[in-house]
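This is what each chain is made of:
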Amino acid sequence: MLERTSTTERYTRGVAAAVVAVVTLILAANAGPARAADPGAAYQVKDVVPAQHPVPPAP
């Protein structure tokens, strides 16, 4: 047969569970993708090849 738990023990377990839940939510909220160190470098165009047949200017 199960023994009855004291009120203090039940409240202690409840508070411990609440603390674990809050810590888990904080860690989950802060877990996200890392930002790129230098996002501008990926968008720079280098070594552009000039057109062989340039478009003539409009008259």
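*Asks:* How would you explain the overall build of the chain if you had to name every residue and give the values?
*Replies:* On a plain count of helices and strands, the chain comes out with one helix and zero strands. Expressed as a percentage of the 59 residues in the chain, the buried residues total 0%. For the chain, the accessible area works out to roughly 6,300 Å², and carbon and sulfur atoms hold 64% of it.

*Asks:* Explain a nonpolar patch on the surface to me, using residue names and the numbers behind them.
*Replies:* Taken together, the side chains of V15, V19, V23 and L27 define a hydrophobic patch exposed on the protein surface, amounting to about 360 Å² of accessible area. Among the secondary structure elements, V15 is positioned in helix α1 (residues 7–30). We classify V15 as exposed; its relative accessible area is 53%.

*Asks:* Describe in detail the pattern of salt bridges, supporting the description with residues and values.
*Replies:* In this structure the tally under the stated criterion is one salt bridge. The partner of R13 in a salt bridge is E9, and the shortest N-O contact between them spans 2.8 Å. Taken together, the residues R13 and E9, both in helix α1 and four residues apart, mark about one turn of the helix. Here E9 falls in the partly exposed class, since its relative accessible area comes to 33%.

Definitions and limits used
- Residues numbered from 1 in each chain as written.
- Predicted model: local features only at pLDDT ≥ 70, side-chain atom pairs only at ≥ 80, totals over all residues.
- Heavy atoms only, no water.
- Helix = DSSP H or I, 4+ residues; strand = E, 2+ residues; numbered from the N terminus.
- Buried < 20%, exposed > 50% of the residue type's maximum accessible area, 1.4 Å probe, protein only.
- Areas by Shrake-Rupley, 256 points an atom, 1.4 Å probe, with all protein chains shown as cover.
- Patch = residues over 30% accessible without salt bridge, like charges linked within 9 Å, V, L, I, M, F, W, Y side chains within 5 Å.
- Salt bridge = Lys/Arg side-chain N within 4 Å of Asp/Glu carboxyl O.

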